[in-house]
Each structure stands twice: as structure tokens, then as C-alpha cells.
Amino acid sequence: QPVVAVVGRPNVGKSTLVNRIIGRRQAVVEDVPGVTRDRVPYDAQWNGRSFTVVDTGGWEPDAKDRAAAIAAQAETAVVTADVVLFVVDAMVGSTDVDEAAVKMLRRSAKPVILVANKADNTSIEMEATSLWSLGLGEPFPVSALHGRGSGDLLDAILAALPEAPAIVENRPRGPRRVALVGRPNVGKSSLLNRFSGEERAVVDSVAGTTVDPVDSLVDIGGQTWQLVDTAGLRKRVGKASGTEYYASLRTAGAIEAAEVAVVLLDSSEPISEQDQRILSMVTEAGRALVIAFNKWDLVDADRRYYLDKEIDRELRRIPWAIRLNLSAMTGRAVDKLAPALNKALASWETRVPTAQLNQWLTALVQATPHPVRGGRAPRILFATQAGVAPPRFVLFTTGPLDAGYQRFVERKLREEFGYEGSPIEISVRPRK
Ligand code: GDP
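Residues numbered from 1 in each chain as written. Predicted model: local features only at pLDDT ≥ 70, side-chain atom pairs only at ≥ 80, totals over all residues.

Thoughts on the overall build of the protein
Scanning the protein for helices and strands turns up 13 helices and 18 strands. For the protein, the proportion of its 432 residues judged to be buried stands at 38%. Restricting the contact set of the protein to residue pairs at least 6 apart, pairs at least 24 apart contribute 70%. (Helix = DSSP H or I, 4+ residues; strand = E, 2+ residues; numbered from the N terminus. Buried ≥ 20, exposed ≤ 12 C-beta atoms within 10 Å, placed from the backbone. Contact = placed C-beta atoms within 7 Å.)

The following block contains the structure:
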């Protein structure tokens, strides 16, 4: 989700503007000169697009002079934002403090929208044209208090936002794409035979010949799924083309084309390096993951003991994967597959509202702050969820985080919000 930062001197009306943009009265605190206010993110929508508004409001009380303070504040905002709203008071015009901030803003490559606030009437609006002199382009005269000009401003914000990513939530409700992968002889074809399918013959448009169907629609648990690369499952790869290299390319292609992967393991054998490689392909591609321990009919108490140890050791990187113990031969737990796939996909597409995310994060960093290193501890300022499928988060911080602390945040994030069956990605955007 893109971030819009609101920057400006105290008392130019930033809080009122933020209230106007988010379209409702939230507890946005008014500017109090000399008082530092933490950067607070709010969710906003306009014309079907969502973005995060960060009210930078704060004022650095220990800064030597106002110009340095505003520059520091603007700098933070610029680093973390996709678009900057630079707010000036239309009744006052530009001040030397504004000009200092503008210098910094112009050095950055970030799009800046110049907002001339308190333009409550036409004559002040006329005055605002003098703000062209700041060199930030067209000033947008707005009355945050009365709403005047706010529609035009929101249109300008949308125009400046980066391209919207493909919105997975609004995907057409066609069949979900699932890949069934695993090393040879784990039982892929046997499992596939449990599901009734319908193959679509694909005609090669160039040669005019019918070639192997690549995907099939199969019924799993009363629901239609698009099983990618079914041809690779049904046909034994011939000796000539059957090198591990080609098999692995084919597996990678199937995973890439799918939304969720079922990785089949042979429970009667140790988890192998090849199994690990296939699991890594899924996590690296960022796909939802269900691990099916097939041939469960062969697992006795003795094997169970060693398998549990193998799982602890070999699957510790992916404790979040959904695991099933099934048997393609006897049909044991095959009916658990569809619910597991649906659960993994739901996690994969989860979006946490920014306010909820930050409420949780604030409590977390208060309870367990980043350890102090060399007399300093980086602070997490706030977080946004940048996307889904899989869930991606951006932490805005005052400096780089320890790898260990970042893992801690990820673990806690999973404890709070689940994500069973889905990888999640966390990136850190340190200020400067
Ligand atoms: P693929 O190469 O992954 O497609 O594996 P296949 O489906 O061809 O299965 C390989 C071998 O494992 C065959 O001999 C199957 O009969 C056997 N097999 C598959 N699933 C099971 C199972 O659940 N239990 C047992 N005991 N054997 C199985």
C-alpha cells in the first residue's frame, strides 16, 4: 500500500488536512508547537484506491532552529513516502522555513504536491498562486477545514501514486491454481487418480496439431481446481528427457504458475535434499504451501519416531506450512486436502488494516524494544502491509534492524495474525 506523507510547519493545518483526507474524524492530535508527536499512519481511500497517510506532525523540540527541525522532519517523510504533501499556510505565504524544507524536498526524487491550506475563499485562493515561486509546481489551494478543493487534491494524490499492483482480492472467482509437486515416485499420479478431472486439449496454433493438455480442471473436495502442468504428472518422463535438470525446471514452472503448491513427500523414506529443493522453490516463489506426507499407510510406530525427528530438523524453516498425513492408496485423509488448500490461500491473501497492524506493533516494540547496540537502538516508526499473495510488510525504522530482531517481529506477527500455510515477507526501510 503506497504511503503519502504530510509535511509542513506547525499550525499550517496538517492534522485537519489528514482528517479531511481520511474522511472521518479520527483522534488526530492538533499541532502543539514544541511538542513531538509520533508519526501516525491512517488508512485512506479515494476512487477505489487505498493508501496510507502519515501525519508527520511532530516537531523536534531539541533542534537548534526551526529550519533545521522542519528539514529533519521532511527528510524522514521523504525517505518513507511514495508521495509527499507539502503543506503551507496560504494566508501567510511561503516563509524561510518553508524554503529550507523545499530545498531538501527538491533534491529527492519523490513526487511532491504543494498544498496551500486555509484557502477558505476565492481571494486567498488567488494569493496562493504566488506559491509557484517555491518551485514545486502548481499549488493546490485547499480549505482542509471546510473541504474546499479537497476533491481536486485527492485526484492529484492518486495521479502521483505509483501504479496500483494487480489487486488479488478482486481476482475473478475462477478455479484456484494448484501445483502438485514432489520427487519421482512419491505418489503424485496416484493422488491425481483420486480426483476426477477434465482435460482440455490444447491446439498448437502454429502446427495445427493437438498437443498435451498442460493444465486440467480437477474436482478436489467438491470444488473445481486448475491443476497446473497435469501433463507432467500423468506421463512418465521418457529416459531421453528425464534428466533431473528438466524435471526440476518443470517443477519450478508448475510452482510459478500456481497460487498454492502441494508438495508430496514419501513418509516411508527420509526427507531428502531433493525434497528440500522443491520446498525452497515454493517459498522462494512466495506461493502458499501444503505439505502432504503420502504413503502414510506404510508408517508404523518406529518410522513415526524417526519421521517426527526429521520434521523437527528438516522443516524448521517452514513451521507455518500446513501438513497432512495421507495415503493416495487407501484414500486416508485425502478429503483434508481441499480444506487445507483453502486455508493456505486465505492466509496468502490476508490483509491487515494499517491501524490494527500498528496498534499491535506499538505494543510489541514497547514490551520488547530492539536491543541497544553501541549506545543506540533503532526504532520501528510504523509498518504498512505493502501487498498480499503473499502478505508483504514494510517496517519504517530509524536504522537497520538486527536479523534476530527482525525474525522476532516476524514470529510475533505470525502469532498475532496467523498466516498458516503462507510465507510472509518483511522488508525494512531505514531512514537514510
Ligand atoms: P509419482 O512418480 O510421484 O507420480 O508416483 P506414483 O503415483 O507413480 O507412485 C509411485 C509408487 O508409489 C507406485 O508404486 C504407487 O503405487 C506407490 N504409492 C503411491 N501412493 C501410495 C500410498 O499412499 N501408499 C503406498 N503404500 N504406496 C503408494
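Read on, since the account is not over.
Let's talk about the site of the ligand
In the vicinity of the ligand there are 15 residues, among which G187, K188, S189, S190 and M329 approach most closely. It is helix α6 (residues 188-192) that provides the largest number of residues to the shell around the ligand, a total of three residues. A class-by-class count of the residues in the shell around the ligand yields five nonpolar, seven polar and three charged. (Near = placed C-beta within 6 Å. Nonpolar A, V, L, I, M, F, W, Y, C, P; charged D, E, K, R; others polar.)

Describing the environment of L158
Tracing the backbone shows L158 in helix α5 (residues 150-160). Residue L158 is classed as partly exposed on the basis of its 17 C-beta neighbours within 10 Å. Taking the C-alpha atoms as reference points, L158 and Q45, separated by 113 residues in sequence, lie 9.8 Å from one another. Contact partners of L158, with chain neighbours within four places excluded, come to W46, N47 and R49.

Here we look at the pairing of strand β13 (residues 260-266)
Where burial is concerned, most of β13 is hidden: six out of the seven residues are buried. Where strand β7 (residues 176-181) and β13 come together, four bridges link them in parallel fashion. Opposite L180, over in β13, you have V262 as the bridge partner. Here seven bridges tie β13 to strand β14 (residues 288-294), and the two strands are oriented parallel to one another. (Pairing = 2+ DSSP bridges.)

Quick notes on the sheet that holds strand β16 (residues 380-387)
Pairing between the strands of a sheet comes from backbone hydrogen bonds, and it takes one of two forms, parallel or antiparallel. Within the open sheet, the three strands sit side by side as β16-β17-β18. Their pairing is mixed. Among the strands making up the open sheet, the edge pair consists of β16 and β18 (425-430). Within the sheet, the average angular offset between the axes of one strand and its neighbour, ignoring direction, is 25 degrees. Where strand β17 (residues 392-397) and β18 come together, six bridges link them in parallel fashion. Residue pairing in the sheet places V394 in a bridge with S427 of β18. (Axes fitted to C-alpha atoms, helices over the stretch in contact; angles between N-to-C directions.)

What to know about the packing of helix α8 (residues 244-257) against helix α9 (residues 273-285)
Packing of α8 against α9 brings their axes to within 10 Å, and their N-to-C directions diverge by 35 degrees. Every pair of crossing elements has a handedness; the one defined by α8 and α9 is right-handed. Contacts between α8 and α9 pair T251, A252, I255 and E256 from the former with I278, M281, V282 and A285 from the latter. Classifying every residue of the contact of α8 with α9 gives six nonpolar, one polar and one charged. (Left-handed = near helix turned anticlockwise from the far one by under 90°.)

A look at the nonpolar core
Counting residues in hydrophobic clusters, the biggest one holds 43 residues, and the most contacted among them are A261, V263, V290 and A344. Mapped by element, the contributors of at least two residues to this core are β7, β11 (216-220), β12 (223-227), α8, β13, α9, β14 and α11 (337-348). For V290, the contacting residues outside a window of four places in its chain are V260, V262, I322, L324, A340, L341, A344 and G421. (Core = buried A, V, L, I, M, F, W, Y, C linked by C-beta atoms within 7 Å.)

Observations regarding the confidence of the model for the protein
Per-residue pLDDT for the protein averages 84, and the proportion of residues at 70 or more is 83%. Across residues 202-207 the pLDDT falls below 50, and counting only partners more than four positions away or on other chains, this stretch makes six contacts in the model. Across residues 237-241, where pLDDT falls below 50, the model places three contacts with residues more than four positions away in sequence or in other chains. Scoring of the predicted complex yields 0.65 for pTM and 0.96 for ipTM. (pLDDT = per-residue confidence, 0-100.)

As for α9
Compared with an ideal rise of 1.5 Å per residue, which puts 13 residues at 18 Å, α9 spans 18 Å between its outermost C-alpha atoms and is within 8% of the ideal. Among all positions in α9, only D275, I278, L279, M281 and V282 are buried. All buried residues of α9 project into a common sector of 150 degrees when viewed along the axis, lining one side. Turned more than 90 degrees from where α9 packs its buried face, E273, S280 and E284 sit exposed. In this structure, the buried side of α9 is in contact with β7, α8, β13 and β14. Just downstream of α9 lies G286, where phi reads positive at about 70 degrees. (Expected span 1.5 Å × (residues − 1). Arc of directions from axis to C-beta.)

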